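Overview (structure and organization)
The residues making up each chain are set out below.
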Amino acid sequence: MLFAGLRYFVGEAVTGLWRGRRSTVLSVVTIAAALFVLGIFLTVTANLDALVARWSEAAELSVYLRDDVSLAERAEVQRALRGDPLVREVQLVTRDEALARFRRDFPDLAPAVSNPQAHPFPASFEARLVSQASEGDALESLAARLRGMRGVSDVRYDRLWLQRLQSIAALVGWGGAVVGAVLALAAALTVTNVVRLALFSRRDEIQIMELVGAPLSFIKGPFVMEGILQGALGATLALGALALAISLARGRLAAAAAGLIDASSIVGLPAATHVLVVVGGMAVGCLGALLAARRLG
Amino acid sequence: MIEIEGLSKLYGRDVFALEDFSMHVGKGEFVFLTGPSGAGKSTLLRILLCQEAPTTGRVIVGGRDITRLKPREVQTYRRTVGFVFQDFKLIPGKTVFENVMFALRILGVPDVQQRRRTFQVLKWVGLQHRANAYPLELSGGEQQRVAIARALVNEPALVLADEPTGNLDPDLALEIMNLFREINSTGTTVLVATHDRELIRHVGHRAVTLDHGRLAIG
Ligand SMILES: Nc1ncnc2c1ncn2[C@@H]1O[C@H](COP(=O)(O)OP(=O)(O)OP(=O)(O)O)[C@@H](O)[C@H]1O
Ligand SMILES: [Mg+2]
């Protein structure tokens, strides 16, 4: 009975959608637009998050050593770095290596450093951090501790910059949620109007159903199903457009920023989110239809 | 079957569509409702179908007062009443077969049984060959036969008809009336509103006459 009822609802809904195909297209496109914008925001947020994670991992903490640092002091600093859970890897860069790196990176300026003994490049420890290192105050207190150690002249890290990137990602996420919610509401209202139109154009049919004693669920079912199907169609359309947009963005980036950003590293939405978008679209459609049909009976 | 006591229906402030109207219809009876235009025939049938609530009075159908039913009870009640209107009230987007079967579908009758019974009533009204046609492809007489088939398909205890022959020529009208008589002969109570006196005389059953919402002859 339940299955037969469902089949009846879907059959009626498909017929109804086809009969009112103009308004069907309208609400499907509205839902698709809302979910597409939401999807774009989700994708941008996901990619920014991934970027932050990748850059956090590469982020180095540089501990510059005084020129008169003793071996014992240097070993102490190294121990402090090695023992910290934020630090993944520690490498010593001696004064000579620092000079060599400078000469390699800036060959034009190399002759300016005439005296290989009295050059201004200090020795340093370069630490690679774990990816979560830019969250919280732990990194800051590590830096403060290192600054207070003997033989250390300066401590530098990219934390502020990463934090800014992270808050931008969060902001984009929130903005997306707000814009998406507003658009979803607009989509639900469109569905409401479309279903209300369908209810109006089929009022005679509804009256007949009422007269033969049809249960309210029987009368409402097809209309609610129409809303749900509109939502599902809209969501599918939105996901298709999103996939297209992502592949276009990959192509663009590959051409414009070759070498800077790896275009293939742009990620789409995970499968679970796809399912969520479709379910969300159906929920929006269902809500809109229920809103339209609430006065029946 | 039907007991109506002191029934009044007031539209607006001073239009009495029915005024202190009483009548009894026995189980299995065939009764015509007649009277001039505006006498209140349609109003009475609408009240009997729970499409409208009376202003005062009692309407007992099958032992129950139908003026105080909850929405769910209205649904259950309507499933025991067949109705036929002048304008057929068929769903244009459904075939003849689907239109008739719909009244069974809502009862939760198994699919196979639904089809068998639908085919049976369509055959009875002589339209089995038009089962897959759409209502608008049929003549008025044929559409009314479909409506009658739908009214009958769930074997109601009571059939109400408002001007069922109003749109039909006299020969067809008689044919439709014969269908109602056949329905009646199986024990179903039939109430038909019409102002076709000729038809009433021809068919020859009890006729209740209304005038200005009051019982004139009954
Ligand atoms: N919805 C309504 N609002 C106001 N007045 C109404 C309404 N329905 C019916 N009436 C009035 O109630 C009276 C009875 O109407 P009703 O339709 O019951 O008459 P009838 O006997 O069926 O007439 P006819 O033979 O023309 O169909 C009429 O005066 C009509 O104008
Ligand atoms: Mg009338």
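Residues numbered from 1 in each chain as written. Chains lettered and ligands numbered in written order. Predicted model: local features only at pLDDT ≥ 70, side-chain atom pairs only at ≥ 80, totals over all residues. Heavy atoms only, no water.

Some words on the overall build of chain B
To be explicit about the condition: Strands here are runs of E lasting at least two residues and helices are runs of H or I lasting at least four, both read from the DSSP assignment and numbered beginning at the N terminus. In this setup the radius of gyration rests on C-alpha atoms only. A globule is expected at 2.2 Å times the number of residues raised to 0.38. Note on exposure labels: buried denotes an accessible area under 20% of the residue type's maximum, exposed denotes more than 50%, and partly exposed covers the range between, all computed with a 1.4 Å probe on protein chains only. Here a residue-residue contact requires only that any non-hydrogen atoms of the pair lie within 4.5 Å. Accessible areas in this description were obtained via Shrake-Rupley with a 1.4 Å probe; residue shielding takes into account the shown protein chains only.
Scanning chain B for helices and strands turns up 7 helices and 10 strands. For chain B, whose C-alpha radius of gyration is 17 Å, the value lies close to the compact-globule estimate of 17 Å for 218 residues. Considering only C-alpha atoms, chain B reaches an extent of 50 × 40 × 30 Å along its principal axes. Within chain B, the fraction of its 218 residues that count as buried is 52%. Residue pairs in contact within chain B that sit at least 24 positions apart in sequence constitute 70% of those at least 6 positions apart. As displayed, chain B has an accessible area near 9900 Å², and 49% of this comes from carbon and sulfur atoms.

Here we look at the nonpolar core
Filter applied, for reference: What we call a nonpolar core is a set of buried Ala, Val, Leu, Ile, Met, Phe, Trp, Tyr and Cys residues that are connected through their side-chain atoms within 4.5 Å.
Core analysis: the largest hydrophobic core is formed by 103 residues, its most contacted members being Leu-33, Leu-48, Leu-122, Ile-148, Phe-180 and Leu-191 of chain B. When sequence neighbours within four positions are dropped, the list of residues in contact with Phe-180 of chain B reads Phe-30, Val-84, Ile-148, Val-159, Ala-161, Pro-164, Val-190 and Val-192 of chain B.

Topic: the site of ligand 1
All names here are of chain B. For the record, the criterion: For this description, a residue counts as near a given molecule or strand if any of its non-hydrogen atoms is within 4 Å of it. N or O atoms closer than or at 3.5 Å make up a polar contact, with two conditions inside protein: a donor-capable atom paired with an acceptor-capable one, and, for residues adjacent in sequence, both atoms drawn from side chains. We call Asp, Glu, Lys and Arg charged. Ala, Val, Leu, Ile, Met, Phe, Trp, Tyr, Cys and Pro are nonpolar, and the rest, Gly among them, are polar.
Near ligand 1 you find 13 residues, and of these Ser-37, Gly-38, Lys-41, Ser-42 and Thr-43 are the closest. Here a nitrogen atom of ligand 1 sits 3.4 Å away from a polar atom, N or O, in the side chain of Arg-46. For ligand 1, the protein covers 61% of the area, taking 630 Å² as the surface of the free molecule. When residues of the shell around ligand 1 are assigned to their parent elements, the largest contribution, 4 residues, is made by helix H1 (residues 41-48). Of the residues in the shell around ligand 1, the class split is 4 nonpolar, 6 polar and 3 charged.

Examining the interface of chain B and chain A
Often, the extent of an interface is quoted as the loss of accessible area on bringing the components together. For clarity, the cut-off: We define buried area as the total accessible area lost by two parts upon association, computed with a 1.4 Å probe and summed across both. A carboxyl oxygen of Asp or Glu within 4 Å of a side-chain nitrogen of Lys or Arg is what we treat as a salt bridge.
If you look at the interface, chain B gives 17 residues, while chain A gives 15 residues. Regarding the contact of chain B and chain A, the summed buried area is about 1600 Å², with carbon and sulfur atoms giving 66% of it. Among the residues of chain B in contact with chain A, Arg-78, Phe-102 and Ile-106 of chain B are the three that bury the most area, contributing 29% of the side total. Connecting chain B to chain A are 1 salt bridge. The partner of Lys-94 of chain B in a salt bridge is Glu-12 of chain A, and the shortest N-O contact between them spans 2.8 Å. For the pair chain B and chain A, the interface holds 3 residue pairs in polar contact (both at pLDDT 80 or more). Those elements giving two or more residues to the side of chain B that touches chain A turn out to be helix H2 (71-78), strand S6 (81-85) and helix H3 (96-105) of chain B.

A closer look at the pairing of strand S9 (residues 206-211) of chain B
Residue and element names in this part refer to chain B. Our working rule: Two strands pair if DSSP finds at least two bridges between them.
Bridge count for strand S3 (residues 30-34) against S9 is 4 bridges, and the pairing is parallel. Bridged to Phe-32 within S9 is Ala-207. Summarising the sheet, S9 and strand S10 (residues 214-217) pair through 3 bridges and their orientation is antiparallel. Directly across from Leu-210, in S10, lies its bridge partner Leu-215. Remark: 2 residues form the turn of the hairpin made by S9 and S10, two consecutive strands paired antiparallel; His-212 in that turn has positive phi of roughly 45 degrees.

Some points on the packing of H3 of chain B against helix H5 (residues 140-153) of chain B
Residues and elements named next belong to chain B. Threshold: An axis is simply a line fitted to the C-alpha atoms; with a helix, the fit covers only the stretch in contact. Between two such axes, the angle follows the N-to-C directions and lies from 0 to 180 degrees. For this classification, under 35 degrees means roughly parallel, over 145 means roughly antiparallel, 65 to 115 means roughly perpendicular, and everything else is oblique. Handedness of each helix crossing follows the sense of rotation of the near helix against the far helix: counterclockwise by less than a right angle gives left-handed, clockwise gives right-handed.
Put simply, H3 and H5 touch, their axes get as near as 8 Å, and they point 25 degrees apart. Considering the angle they form, H3 stands roughly parallel to H5. For the crossing formed where H3 meets H5, the hand is right-handed. Each of Val-96, Asn-99, Val-100, Ala-103 and Leu-104 in H3 lies in contact with H5, whose residues at this interface are Val-146, Ala-149, Arg-150 and Val-153. Across the contact of H3 with H5, the residue classes break down as 7 nonpolar, 1 polar and 1 charged.

Here's the deal with the pairing of strand S1 (residues 60-65) of chain A
All names here are of chain A. Pairing of S1 with strand S3 (residues 124-129), which is carried by 5 bridges, proceeds in the antiparallel orientation. In the strand pairing of S3, Glu-60 is matched with Arg-128. By the bridge criterion, 4 bridges tie S1 to strand S4 (residues 152-156) in an arrangement that is antiparallel. Of the residues in S4, the one forming a bridge with Leu-65 is Val-152.

Thoughts on the side chain of Gln-114 of chain B
With respect to the helices and strands, Gln-114 of chain B occurs in helix H4 (residues 111-124). Among the polar contacts made by the side chain of Gln-114 of chain B, one reaches the main-chain carbonyl oxygen of Val-109 of chain B at a distance of 2.7 Å.

Observations concerning H2 of chain B
As a reminder of what qualifies: When we speak of the arc, we mean the arc of directions from the helix axis to the C-beta atoms.
When we look at burial in H2 of chain B, the residues that qualify are Val-74, Gln-75, Tyr-77 and Arg-78 of chain B. Seen from one end, H2 of chain B has its buried residues packed into an arc of 165 degrees, which puts them on one side.

Remarks on the sheet that holds strand S5 (residues 64-65) of chain B
Within a beta sheet, neighbouring strands are joined by backbone hydrogen bonds and run either parallel or antiparallel to one another. If you trace the 4 strands from one edge of the open sheet to the other, you get S2-S1-S4-S5 (chain B), paired in antiparallel fashion. What marks the edges here is a single partner per strand, and that holds for strand S2 (15-25) and S5 of chain B.

Re the domain arrangement of chain A
Our working definition: Domain start and stop points were drawn from an automatic or database domain assignment.
When its domains are assigned, chain A resolves into domain 1 (2-54 + 163-293) and domain 2 (60-157). A straight line from the C-alpha centre of domain 1 of chain A to that of domain 2 of chain A covers 52 Å.

Some thoughts on the environment of Gly-285 of chain A
All names here are of chain A. On the secondary structure map, Gly-285 appears in helix H9 (residues 271-293). Using a relative accessible area of 0% as the deciding quantity, one classes Gly-285 as buried. Between the C-alpha atoms of Gly-285 and Leu-229, which are 56 residues apart in sequence, the distance is 7.3 Å. The contact partners of Gly-285, leaving out residues within four places of it in the chain, are Val-191, Gly-227 and Ile-228.

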